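Listed below, chain by chain, are the residues.
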Amino acid sequence: MMKTTSALLNKQIKKYQNEIGLLKNALAENATYIAATIENVEDVKPDFDFFANYKRIVDLENKVMKMKHRLNLFNTSTKVDVDGIEYSIDELLVLMAQLTNRKMFLIGYVNFPQKKRVNSGNNLIEYKYPNFNPSELDAEDNAMFNKITNIQLTLDSINNKIEFDIDDDLML
């Protein structure tokens, strides 16, 4: 067993995923080859071991699976306090996504004018008015920004500082 952080583990997962992509490209490129009828097929055959590369992909995918599982265990079992409330890292990741979606939804209303002229095709002068208090909406937008930032800073700190055990054979 060796110690790692979730930040380092995520970097290793990305490294393995990049290698998997390169190997898959190599398989696609070298799985077949072309030889002219006047050539000896064995002379032009590329020096490429399809199954050795395929086996490496399977091995890397298994490592990624085990690494992601270990990361999930860490994320679901590690508790952290944010604004006086205890969350698991997993809960914080979900909450951060929800807050970001909520913020993106509200952003369309943040700069909504107090009164907006509309043209409905009749001869009447009509206006569209907000059915909400813009200052309350602005306060909610700022509160969500601050909460998202606080969660991100908390997670960044945990991801780089808190260590956990992982099997030696999973890391390079």
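Up top you'll find the structure we're talking about.
Presented here is a report on the structure given in the accompanying data block. Quick caveat: nothing in here was measured; it's all calculated off a predicted structure.

Describing the packing of helix α1 (residues 6–30) against helix α3 (residues 50–77)
The relative placement of two packed helices is expressed as an angle between their axes plus a distance between the axes.
Consideration 1: The N-to-C vectors of α1 and α3 enclose an angle of 155°; their axes lie 9 Å apart at closest approach. Considered as vectors, α1 and α3 are oriented roughly antiparallel to each other. The two elements α1 and α3 cross, and the hand of that crossing is left-handed.
Consideration 2: Split by residue class, the contact of α1 with α3 holds 14 nonpolar, five polar and six charged.

Focus: the packing of helix α4 (residues 89–110) against helix α5 (residues 134–161)
Consideration 1: Direction vectors running N to C along α4 and α5 enclose 150°, while the axes themselves pass 9 Å from each other. Classified by the angle between their axes, α4 and α5 sit roughly antiparallel to one another. Every pair of crossing elements has a handedness; the one defined by α4 and α5 is left-handed. Together, I89, L92, L93, L95, M96, L99, T100, R102, K103, L106, Y109 and V110 of α4 and L137, D138, E140, D141, M144, F145, K147, I148, I151, Q152, L155 and I158 of α5 make up the contact between the two elements.
Consideration 2: Tallied by class, residues from the contact of α4 with α5 come to 16 nonpolar, two polar and six charged.

What to know about α1
Consideration 1: Taking 1.5 Å per residue, 25 residues should reach 36 Å; α1 reaches 36 Å between its end C-alpha atoms and fits that length.
Consideration 2: Among all positions in α1, only S6, A7, L9, Q12, I13, Y16, I20, L23 and L27 are buried.
Consideration 3: Packed against the buried residues of α1 are β1 (2–5), α3, α5 and β6 (163–166).

Cut-offs and rules
- For every chain, the first residue of the written sequence is number 1, and numbering continues from 1 along that sequence.
- For a predicted model such as this one, the threshold for reporting local features is a pLDDT of at least 70, and the threshold for listing and counting side-chain atom pairs is 80 or more; totals across whole chains, interfaces and linings nevertheless cover every residue.
- The side-chain numbers reported here are obtained from all heavy atoms of the structure, hydrogens and water having been left aside.
- Here an angle of 0 to 180 degrees is reported between the N-to-C directions of two axes, which are lines fitted to C-alpha atoms, with helices fitted over the stretch in contact.
- Strands are runs of DSSP state E lasting at least 2 residues, helices are runs of H or I lasting at least 4, and numbering of each runs from the N terminus.
- Roughly parallel refers to an angle under 35 degrees, roughly antiparallel to one over 145, roughly perpendicular to one between 65 and 115, and oblique to any angle outside these ranges.
- Crossings are sorted by hand: turned counterclockwise from the far helix by less than a right angle, the near helix makes the crossing left-handed, and turned clockwise it makes it right-handed.
- Charged means Asp, Glu, Lys or Arg here, nonpolar means Ala, Val, Leu, Ile, Met, Phe, Trp, Tyr, Cys or Pro, and polar covers whatever is left, Gly included.
- Should any heavy atoms of two residues lie within 4.5 Å, those residues are considered in contact.
- A helix's residues, less one, multiplied by 1.5 Å, set its expected span.
- Relative accessibility thresholds used throughout: buried, under 20% of the residue-type maximum; exposed, over 50%; partly exposed, between the two (1.4 Å probe, protein chains only).

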